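Chains, contacts and geometry: an overview
Below, each chain spelled out in residue letters.
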Amino acid sequence: MKKITLLLLLGYRAAVAQQPVADARFAGLDTAFARVLKDWKCAGFAVAVVEKDKVVYAKGFGYADVENKIPVTEHTQFAAGSCTKAFTCAALGILRGENKLDFNHRVREYLPQLTFYNDEMNKNITLRDLMCHRTGLPRHDDAWALFTTSSTDTLLKRIQYLEPNYGLREKWQYNNFMFLAQGKIVENLSGKSYRAFVREKIFQPLGITNVNFSVDTMAVNKDRALGYTVTDDDKIHKLDYYNLDVMSAVGGINTSVSEMAKWVMLWVNNGVYKGQRILPADYVREAMSSQMVVREAVPAANNPTLHFENYGLGWFLSSYRGHYRVEHGGNIAGFSSNACFFPTDGVGIVVFCNQEVSRVPSIVRNLLADRMLNAPYKDWQTYLYSSDQAGKMAAKNAQAQLTVQKPASAKSAHELDEYEGFYTHGGYGTFEITFQNDSLFAVFPQTKWLLKPYNHDVFDAFGYDTKTKTAADVSSKRVVFNQNANAEIASVSIAFEAELFLPIEFRWNYKPKKLPKAVLQTYIGEYNLSGTNLNVALKNNDKLVLTIPNQPPWELESVGKGKFRLKGIVGYSVAFSQDASELLLTQPNGTFRALRKKS
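Below, the structure is looked at part by part. The shown structure was predicted, so the numbers you read here are calculated from the model rather than taken from an experiment.

A separate point is empty space enclosed by the protein. Throughout the structure, instances matching the rule amount to two cavities of 30 Å³ or more. In this structure, the largest cavity occupies an estimated 90 Å³ of space. In this structure, the largest cavity is lined by 17 residues; those nearest its centre are Ala79, Val215, Tyr242, Leu244 and Asn254. For the lining of the largest cavity, the class distribution of residues is eleven nonpolar, five polar and one charged. Of the volumes computed, that of the second largest cavity is approximately 30 Å³. Lining the second largest cavity, in full, are Phe87, Phe203, Ile208, Val211, Ile253, Thr255, Glu259 and Met260. For the lining of the second largest cavity, a count of residues per class yields six nonpolar, one polar and one charged.

In structure tokens form, the structure reads like this:
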């Protein structure tokens, strides 16, 4: 009996010896992170910390699914967003290591179907310029996010119509289109899809399996986070996933912090993972070296250790409390993320959060970084939360003091149905303006705006919820219609890109209107124009035809109440008086009145 007891005791001691010793650097984090969740009304987040070749901390906090109280774990999938960009640049780095490209060569050598706004850009923009955001192009994000399409080639064709606002290499400006182009280059040079290349060359060697490029795939994963935002009344509100299939190279990766930890571990170890070189050493050094200055960054009272803020190749570079930091964040509907590492310290940190445009990844990252770098304690939660609240209060006070001088009469210059039509811009695409239930709407592929007259041909645009049929409280855009010489609608201007001096102008295209036969019949008859008889007749019971002596019949297309255009000819239109007693024929050389003959 004593021998059995002794064996059991030895077994117990062996089990105790195998228990991992708690790392004192992470003591008390549960309490600190619970405060972060509470103060920021955050659904949940996950973290992973790497030290040299080991994951030393990985944990989830809060909920992946608030309604069903499903907790976040270190294996929960999140949308990584723009953390994807470092993978895209790395794919090009691998191809360069295979002698298939040169970063300093013109990008059109590798992507001949890519055309820019002008010849100077076409002749001089290099692949490196795309990789570090210095092409002279502002973001133009609405050209892909609002005017959605499932075709990469369609988006690439739009680039030639996107106007720059600076010269080449003159200023750093973040641009997602340029990473879309890099993904296409990977495909052109490898003969594989972008997704297949990244899986083969990066995911597989790192053993990353809990990953995908589509929210449709992510949605069926049992351990995946839902996306959320916080409403003005501090309520957590669920958002639909945003499909980034066409923008995979820009921000399409969905994965967990435990998987992304392998990625930062690769960088911490100079492109080597578990003894295998995955990224060329020269590329690693170059990617985390300054290629372009992002903005002026000098020590200040509120941030005395910030000495620079630059961009490498798919990475942001900055100083953090005396340490060299390499990082990239991501923001997509319902999610925020950050992946960072300190190359000289051998430390990497990943934070994924299911709250859009959130400060949480920065706070959590900094709290962990201070402990890993043995930096003096700083209450980042209070510091950033106080700063955020002060900013919101200042904005609220400014809004309260704002005086909007609206015209006494917010009447439009035209009947609302005359604004109907399709409006097109080569770089953005086409949207439709429709007249429904006495209101005017702008309809985009996945969004709808309610347009309210401001004055004359200027309208305020309000976001419109098609489910609740309610409009936003505050206008986010102003829509300005432009007229031609005949005072007809010719185009519409919308300031989609704030960095451009002029708004984006969309050309008007006719939207055929069908009028009841009974309405069309009121216009039938002969009209006398200075001795010339004009004949208006009904064709096929649904069209009006205008016949002028010695000319072929002209089909009339309705553009509004009593107003028609001559089909197939620009600058010619017909307008009938309310009682149809007269006809106004407008052409480039003027407008002429014809009186209706009595039956």
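Now for unusual backbone geometry. Leave glycine aside and you will find that most residues have negative phi; peptide bonds, for their part, are mostly trans. The residue His456 is not glycine, and still its phi comes out positive at about 55°. If you trace the backbone, His456 turns up in the loop between β20 (448-455) and β21 (458-465). Residues other than glycine seldom take positive phi values, yet Ser530 does so here, at roughly 50°. Mapped onto the elements of the fold, Ser530 is located in the loop between β26 (525-529) and β27 (532-539).

Attention now moves to the layout of surface pockets. Put simply, the largest pocket is a space of about 1,700 Å³. Lining the largest pocket are 36 residues, with Leu239, Gln446, Thr447, Tyr464 and Asp465 positioned closest to its centre. For the lining of the largest pocket, the elements supplying multiple residues, two or more each, are α6 (142-145), β7 (236-239), β14 (323-332), β20, β21 and β22 (470-471). Broken down by element, the lining of the largest pocket gets its largest block of residues, four residues, from β21. Of the residues in the lining of the largest pocket, the class split is 16 nonpolar, eleven polar and nine charged.

Its 13 residues place the ends of helix α3 (residues 85-97) 19 Å apart at the C-alpha level, agreeing with the 18 Å of an ideal helix rising 1.5 Å per residue. Judged by how many residues are buried, α3 sits mostly within the fold: twelve of 13 residues are covered. Inspection of α3 places Lys85, Ala86, Phe87, Thr88, Cys89, Ala90, Ala91, Leu92, Gly93, Ile94, Leu95 and Arg96 among the buried residues, and these make up the whole buried set.

Spatially, nine strands are ordered β3-β2-β1-β16-β15-β14-β13-β12-β11 in an open sheet, and the strand pairing comes out antiparallel. With partners counted over all chains shown, the strands left at the sheet margins are β3 (70-71) and β11 (292-293), one partner each. As paired elements, strand β13 (residues 316-320) and β14 share five bridges and run antiparallel to each other. By the bridge assignment, Phe316 is partnered in β14 with Glu327. Its contacts with the sheet put helix α2 (residues 29-39) on β1 (44-51) and β2 (54-65), and the angle it makes with β2 is roughly 35°. Where helix α14 (residues 360-372) meets the sheet, it contacts β1, β2, β13, β14, β15 (335-342) and β16 (347-353), and its direction lies at approximately 155° from that of β16.

What counts, and at which threshold
Residues numbered from 1 in each chain as written. Predicted model: local features only at pLDDT ≥ 70, side-chain atom pairs only at ≥ 80, totals over all residues. Heavy atoms only, no water. 1 Å grid on protein atoms, 1.4 Å probe; cavity = no way out; pocket = protein on both sides within 12 Å on 5 of 7 lines; lining within 4 Å. Points joined across faces, edges and corners; volume = space filled by probe spheres on them. Nonpolar A, V, L, I, M, F, W, Y, C, P; charged D, E, K, R; others polar. Helix = DSSP H or I, 4+ residues; strand = E, 2+ residues; numbered from the N terminus. Expected span 1.5 Å × (residues − 1). Buried < 20%, exposed > 50% of the residue type's maximum accessible area, 1.4 Å probe, protein only. Pairing = 2+ DSSP bridges. Contact = heavy atoms within 4.5 Å. Axes fitted to C-alpha atoms, helices over the stretch in contact; angles between N-to-C directions.

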